[in-house]
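Report on the structure
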Amino acid sequence: MGRPRVIDRERLLDMAEDIARHEGVARLTLGALALAAGVSKGGVQAIFGTKDQLMDALFARWVGEYDSELTAKVGPTPSPLQALGAHIDLTRDIDEAEAHRAAGLLTVLLSTADQRQKSNDWYRSRLDLADLSTPQGRRARIAFLATEGAFFLRCFGLLKMAEPEWHDILDDIRRELLPEDSGKLTK
């Protein structure tokens, strides 16, 4: 008797992102994922349950990866200014392959009201770091939104940017809108 086949959850998530990016969210079904992975639909269901739970897993993985990278950069309890500055830095360091991966995930996040709400909550938590009663907080909000705008243009291929241009843009945002000596953003 052969050893039971082990289904790699992370590989399935990678493939789900790829399907969403290249074929569209409508084509991202448990059956399509099973076919792409060469496993049974029941095997995919055993890991994720439903398509909504698959999308929840994609979002949870992204948040976990982001939180780990942020903590590695600024520690477990950064100030709001440190967290927003680190967000700009992490975005700057995304390469083209990671930008394509992000586009696949973002496509999934826009596909249902529930996923859009989770994305909205995440973005709101970032924006709420800035104390808008201070000039520094207002600059930080603009820096965050400018970073995300540039990121969306790049990751969806709406504006082609060579790496040097990409780095210059994010460096300018960090320097002009969120200077190191801008003080605290806390309320």
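What you see as residue numbers is a count from 1 along each chain, following the sequence as written. Under the rules for a predicted model, residues below a pLDDT of 70 receive no local features and side-chain atom pairs below 80 are neither given nor counted, while totals for whole chains, interfaces and linings still include all residues. Calculation of side-chain values draws on the structure's entire complement of heavy atoms; hydrogens and water are dropped beforehand.

**Structural notes on the nonpolar core**
Note the cut-off: Only buried residues count toward a nonpolar core. Its members are Ala, Val, Leu, Ile, Met, Phe, Trp, Tyr and Cys residues joined through side-chain atoms within 4.5 Å. Any residue under 20% of the maximum accessible area for its type is buried, any over 50% is exposed, and the rest in between are partly exposed; the area is computed with a 1.4 Å probe on protein chains only. Secondary structure elements are taken from DSSP: a helix is a run of H or I of four residues or more, a strand is a run of E of two residues or more, and numbering for both begins at the N terminus. Working rule for contacts: check all heavy atoms of both residues, and any pair within 4.5 Å makes them a contact.
With 51 residues, the main nonpolar core has L33, V44, F48 and L54 as its most contacted residues. When residues of this core are assigned to their parent elements, the largest contribution, eight residues, is made by helix α4 (residues 51-74). Leaving out residues up to four positions away in the same chain, L33 has contacts with L12, M15, A16, I19, V44, F48 and L54.

**Topic: the pattern of salt bridges**
For the record, the criterion: By definition here, a salt bridge exists when the distance from a side-chain nitrogen of Lys or Arg to a carboxyl oxygen of Asp or Glu is within 4 Å.
Applying the stated criterion across every chain yields a total of 16 salt bridges. Its salt-bridge partner being D14, residue R61 comes within 2.9 Å of it at the nearest N-O pair. Placement of R61 in helix α4 and of D14 in helix α1 (residues 9-23) is noted, with a sequence separation of 47 residues between them. On the accessibility criterion, R61 (10% relative accessible area) is buried. For D14, a relative accessible area of 41% gives the class partly exposed. E17 is the partner of R101 in a salt bridge, and the nearest nitrogen-oxygen pair spans 2.8 Å. A residue pair is termed long-range when its members are at least 10 positions apart, and R101 in helix α6 (residues 96-109) and E17 in helix α1 qualify at 84 residues. Taken together, the salt bridges that share partners define one network made up of R9, E10, D14, E17, R61, E65, E98 and R101.

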